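What follows is each chain in one-letter form.
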Amino acid sequence: MTDEPPLGFSTRQLHAGEDAGPLSRRDGHRPRATPIYLTAGFEFDDFEDGNARFTDPEAGYSYTRVANPTNAAVERRIADLEGGRGALLVGSGQAATATAILALAGVGDHIVSASGIYEGSRELFRDTLSRTGITSSFVEDANDPDAWEAAIRPETRALFAESIPNPKNDVLDIRAVAAVARRHGIPLIIDNTLATPYLLRPIEHGADIVVHSASKFLAGHGTVLGGVVVDAGRFDWAAGGRYPHLSVERGGDGRTVVERSGRDAFLDYARTGVALRYGPSPSPLNAFLILQGIETLSLRVDRQSASALAVARWLEAQPAVASVDYSGLPSSPYHDLARQYLPRGAGSVFAITLHGGRSAARAFSDALRIFTRMTHLGDVRSLVLHPASTTHVNRTEADRVAAGIPQGLLRLSIGLEDVEDLVADLERGLAAATASVADDAAAAELLERAGVS
Ligand SMILES: *Cc1c(COP(=O)(O)O)cnc(C)c1O
């Protein structure tokens, strides 16, 4: 096997990790699709077998919260596509981020995160993990290595950022942040949800851990939630003594996690020390749907990125649009990074800012018929979201503006519809926005004439 050339991405998205394990071979059937093992647990052959399944990881499955063959197939496939050593599937992207952090940090520890991240992750770090004694610092300019350097403390246990933060389709200079992480002996976690392993594999650029919301592009059809933690398997957890739960504390067998699991120490601890205990278990049915989604990932993401570029180009030429933030456009400050990191396309989630603020955004959004108004992304259908009144509604106006989310900004997630139909729908939206701006101006003039200001 070893001297065969590596298989391509499209082949691997269909075949990697598809064997559902010894169980499917033992029962004699060979279903072509990975079976959905929709069961809470697995029968023990006899008394001794029950004991073996609790003491020998190779003995077989026991309970679905521990492991499940359908879930394991998804783990193997995503690990393969990301170029990781292994992966852990959990019930949502939010659970993936929480599990990754809780497997690294405890009370008194600290993490440094880019400030422009998914709002749920930001709130997790700032409001929720802080109650467990894990504090966070946020770096405003994620592409400034000095800002990361300045935020790192002796108790820092992880750096966290997104490869393509939304809504503006920024691009992270992963290699620059990874260099800082390496210098300090701290792992870099990258949320790769918007890029997907088809467009970008953070491990190839120095990331140690990758997390995903599989609810988005991986599953792809807006039907299920899921999350995944991928481990590059190359971080030295014993060096520096920063992770005593992995390299100092001994378990019942007298060994540390590093002694027991070697290069899998982080992932084994995330699985058995965090996910098994907190219990964010994925349903095998959802795992199956994620696996099915992944089989067409490259086709969908190729088409979605190409359509997004076409739509973004068209939008940029429209007078009702103040700006388009898409790194695939030469006008984007992230265009050079996109050319380095995203040669296959810059993804399909980006922002437009309309003249006329919130009322223009409302008129635009309400006039759309093909785009779905929804807080989701990476769907086969095109979606539209007004962050200031939804995902970012808990922020103060000043904070929101500082974060680059004005009232006129809308996030688009381009799906698989025909580009001409999407453009026609957006044209309808922009006409409504323009009419609302004119109405607002007329109303203001009337008020001014009446002496009310
Ligand atoms: C959606 C999303 C999450 C959270 O994932 P869920 O599956 O909704 O829990 C995390 N990060 C990013 C970038 C996301 O888009």
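Since the structure is predicted, the reported quantities are computational estimates derived from the model, not experimental observations. (Residues numbered from 1 in each chain as written. Predicted model: local features only at pLDDT ≥ 70, side-chain atom pairs only at ≥ 80, totals over all residues. Heavy atoms only, no water.)

Caption draft 1: The arrangement of the packing of helix 5 (residues 93-102) against helix 6 (residues 119-128) in detail. Between helix 5 and helix 6, whose axes approach to 10 Å, the crossing angle comes to 35°. For helix 5 against helix 6, the interelement crossing comes out right-handed. Counting all contacts with helix 5, which are made through Q94, T97, A98 and I101, the residues of helix 6 involved are G120, S121, L124 and F125. Class assignment for the residues of the contact of helix 5 with helix 6 results in four nonpolar, four polar and no charged. (Axes fitted to C-alpha atoms, helices over the stretch in contact; angles between N-to-C directions. Helix = DSSP H or I, 4+ residues; strand = E, 2+ residues; numbered from the N terminus. Left-handed = near helix turned anticlockwise from the far one by under 90°. Contact = heavy atoms within 4.5 Å. Nonpolar A, V, L, I, M, F, W, Y, C, P; charged D, E, K, R; others polar.)

Caption draft 2: Layout of the nonpolar core. Of all hydrophobic cores here, the largest spans 116 residues; its most connected members are W148, L315, F350, I352 and F364. Among residues more than four places away in sequence, those in contact with F364 are I352, L354, V384, L410, L426, G429, L430 and A433. (Core = buried A, V, L, I, M, F, W, Y, C linked by side-chain atoms within 4.5 Å. Buried < 20%, exposed > 50% of the residue type's maximum accessible area, 1.4 Å probe, protein only.)

Caption draft 3: Expanded view of the site of the ligand. In the neighbourhood of the ligand, the contacting residues comprise S92, G93, Q94, Y118, E162, D191, T193, L194, S213, S215, K216 and G226. Q94 is positioned with one of its backbone polar atoms (N or O) 2.8 Å from an oxygen atom of the ligand. K216 is positioned with one of its side-chain polar atoms (N or O) 2.7 Å from an oxygen atom of the ligand. In isolation the ligand has 380 Å² of accessible area, and contact with the protein removes 92% of it. Across the shell around the ligand, the residue classes tally to two nonpolar, seven polar and three charged. (Near = heavy atom within 4 Å. Polar contact = N/O pair within 3.5 Å; in protein donor to acceptor, adjacent residues only side chain to side chain. Areas by Shrake-Rupley, 256 points an atom, 1.4 Å probe, with all protein chains shown as cover.)

Caption draft 4: Representation of the sheet that holds strand 5 (residues 188-191). Spatial ordering of the open sheet is given by 1-7-6-5-4-2-3, a layout of seven strands whose pairing is mixed. Edge positions in the open sheet fall to strand 1 (86-90) and strand 3 (135-139), since each of these has one partner strand only. Taking the axes of each pair of neighbouring strands and ignoring which way they run, one obtains an average angle of 20° across the sheet. As judged from the five bridges shared by strand 1 and strand 7 (residues 227-231), these two strands associate in the antiparallel manner. In the strand pairing of strand 7, G86 is matched with D231. Along the sheet face, helix 6 touches strand 2 (110-114), strand 3 and strand 4 (156-162) and points at about 135° away from the line of strand 3. Helix-sheet contacts for helix 8 (residues 174-184) involve strand 4 and strand 5, and the interaxial angle to strand 5 is about 150°. (Pairing = 2+ DSSP bridges.)

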